[in-house]
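Secondary and tertiary structure notes
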Amino acid sequence: MLEVTDICSSYGEAKVLDRVSIRVGQGEIVALLGRNGMGKTSLVRSIMSLGSPSVTSGSVILDGVNLSAMRSHQVANQGIGYVPQGRRLFQSLTVLEHLQMLERKTPGAWSVRRVFDAFPRLEERKHHRGNQLSGGERQMLAIGRSLMTGPKIILMDEPTEGLAPVAVENVESILGTLRGEGLGILLVEQNLYSAMAVADRVYILETGRVVWEGLPEALMADQNTLHRYLGIH
Ligand SMILES: Nc1ncnc2c1ncn2[C@@H]1O[C@H](COP(=O)(O)OP(=O)(O)OP(=O)(O)O)[C@@H](O)[C@H]1O
Ligand SMILES: [Mg+2]
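Residues numbered from 1 in each chain as written. Chains lettered and ligands numbered in written order. Predicted model: local features only at pLDDT ≥ 70, side-chain atom pairs only at ≥ 80, totals over all residues.

Describing the nonpolar core
Inclusion rule: To define a nonpolar core, we join buried Ala, Val, Leu, Ile, Met, Phe, Trp, Tyr and Cys residues through C-beta atoms within 7 Å and take the resulting set. Three exposure classes are used, all based on how many other C-beta atoms lie within 10 Å of a residue's own C-beta (placed from the backbone): buried at 20 or more, exposed at 12 or fewer, and partly exposed between those limits. Once C-beta atoms have been placed from the backbone, residue pairs whose C-beta atoms lie within 7 Å are recorded as contacts.
Counting 59 residues, the largest nonpolar core has Val30, Ala31, Leu32, Leu155, Ile185, Leu186 and Leu187 as its most contacted members. Leave out the neighbours within four places in its chain, and Ile185 touches Ile29, Val30, Ile154, Met156, Leu175, Leu178 and Arg179.

Structure, rendered in C-alpha cells:
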C-alpha cells in the first residue's frame, strides 16, 4: 500500500502542491483527475523523487518503508513504476532494446518474455524503432517498460492521451489485467469517462490541493463537483 501524506512541493519559490494526501492499495486503480495545470504531473513526479518540483514536506510510504529521502532510482527499486506523460521513448532504439536495457534478475522483476506475453503486439513489432511505432504501441511499450522492475504500484500519467477509442479500450483492459495481478495503479486522466470505466476510487486536484475524493458512482452523480472542478456540464 502506497501512502502519500501531506506532501508540499515547489518549483523554486512557486508552491505547486499543498498538503496532498492520497492512498493506493494493492489491486486498486485510483484515478487522479483535475484540469490542466492543477498539479497532477507534479504529484506523480514528487512521489518519484525526481527533484523537480522539490518536495518541501510530507511523506511517501510504501508497505511501511519511508521513501521520502530516497532518490528516484531507489524509489523505483522499492517497487514504484512510472509511466511518464508523453510516452517518452528513444527514437533510435528498437522495442526489444528498450526492454532489454531494463531486464534484471531481481525477484519480482518481469522478463522481456513476460512483457511480450502480456503485449503480443509488442513482440510483433520488436525490431521497430521508437519513431516507427503508433501512439498505442508506444503506450504499450511505456507500460511494458514500467513493469520490468516488478513494481507493486505503477504511476501512470495520462496513458490514454492522444489515443483513438480502440487503443483507449486496449489500455483500459491492460489496466484491468494488472489490477487482477494485484498491482496498485495511480491513473492520471483527463478523460473522465475512461477513468470512470476502470477506477475503484477517485481524487480531484485543484491548484495543488485535493478538493474531492470518493467513489466513481458518487462523482458521476455530483453535478456540482463535475462542473466546478472538471468543467463538465
Ligand atoms: N518545471 C516547471 N517549472 C515551473 N512550473 C512548472 C513546471 N512544471 C509545471 N509547472 C507549473 O505547475 C503547475 C502544475 O503543473 P502540472 O504539470 O503538475 O499540471 P497537470 O495537472 O499535470 O496538467 P496537465 O493536465 O496539463 O498535464 C502549473 O501551473 C504549471 O505551469
Ligand atoms: Mg500533467
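Moving on, there is more to tell.
So, the pairing of strand β3 (residues 29–33)
Definition in use: Comment: elements are numbered from the N terminus, with helices defined as DSSP H or I runs of at least four residues and strands as E runs of at least two. A strand pair is defined by DSSP finding two or more bridges across the two strands.
Burial of β3 is extensive: five of the five residues sit out of reach of the surface. Side chains Ile29, Ala31 and Leu33 project from β3 onto one buried face, and the interleaved Val30 and Leu32 project onto a second face that is buried too. As judged from the four bridges shared by β3 and strand β8 (residues 184–188), these two strands associate in the parallel manner. When the sheet's bridge partners are listed, Leu32 is paired in β8 with Val188. Inspection of the sheet shows β3 paired to strand β9 (residues 201–206) by four bridges, in the parallel sense. From the neighbouring strand, Ala31 faces β9, where its bridge partner is Val202.

Some remarks on the site of ligand 1
Quick note on the threshold: In this analysis, residues qualify as near a molecule or strand once their C-beta atom, positioned from backbone atoms, comes within 6 Å of it. Residues were grouped as follows: Ala, Val, Leu, Ile, Met, Phe, Trp, Tyr, Cys and Pro as nonpolar; Asp, Glu, Lys and Arg as charged; and all remaining residues, including Gly, as polar.
The immediate surroundings of ligand 1 are formed by 14 residues, with Tyr11, Asn36, Lys40, Thr41 and Ser42 found nearest. Secondary structure elements with two or more residues in the shell around ligand 1: β2 (14–24) and α1 (40–47). Counted by class, the shell around ligand 1 contains four nonpolar, nine polar and one charged residues.

Here we look at the sheet that holds strand β1 (residues 2–11)
Pairing is antiparallel in the open sheet, where four strands are placed in the order β2-β1-β4-β5. Taken across any chain shown, the strands that pair with only one partner, and hence form the sheet edges, are β2 and β5 (65–66). Where strand β4 (residues 54–62) lies against β5, two bridges are found, and the strand directions are antiparallel. Within β5, the position partnered with Leu62 by the bridge is Val65.

Details of the sheet that holds β3
As a reminder of what qualifies: The axes are straight lines fitted to the C-alpha atoms, using for helices just the contacting stretch, and the angles between their N-to-C directions are given from 0 to 180°.
In space, the six strands of this open sheet follow the order β6-β7-β8-β3-β9-β10, with mixed pairing throughout. The two strands at the open ends of the sheet, each matched to only one other strand, are β6 (80–83) and β10 (209–214). Taking the axes of each pair of neighbouring strands and ignoring which way they run, one obtains an average angle of 20° across the sheet. Contacts from helix α6 (residues 135–147) reach β6 and β7 (153–157) within the one sheet, and its direction differs from that of β6 by about 165°. Together, β3, β9 and β10 form the strand contacts of helix α10 (residues 223–230), whose direction differs from that of β10 by roughly 150°.

Considerations on the packing of α6 against helix α7 (residues 165–180)
To be explicit about the condition: Throughout this description, any angle smaller than 35 degrees is read as roughly parallel, any larger than 145 degrees as roughly antiparallel, any in the 65 to 115 degree range as roughly perpendicular, and the remainder as oblique. Crossings are sorted by hand: turned counterclockwise from the far helix by less than a right angle, the near helix makes the crossing left-handed, and turned clockwise it makes it right-handed.
Where α6 meets α7, the closest approach of the two axes is 10 Å, and the angle between their N-to-C directions is 15°. If you check the angle between α6 and α7, you find them roughly parallel. Of the two elements, α6 crosses α7, and the hand of that crossing is right-handed. Between α6 and α7, the residues in contact are Gly135, Gly136, Gln139 and Ile143 and Ala167, Asn170, Val171 and Ile174, respectively.

Details of the pairing of β6
What you see with β6 is no split at all: Ile80 and Tyr82 on one side and Gly81 and Val83 on the other are buried throughout. Summarising the sheet, β6 and β7 pair through four bridges and their orientation is parallel. Following the sheet pairing, Tyr82 is matched in β7 by Leu155.

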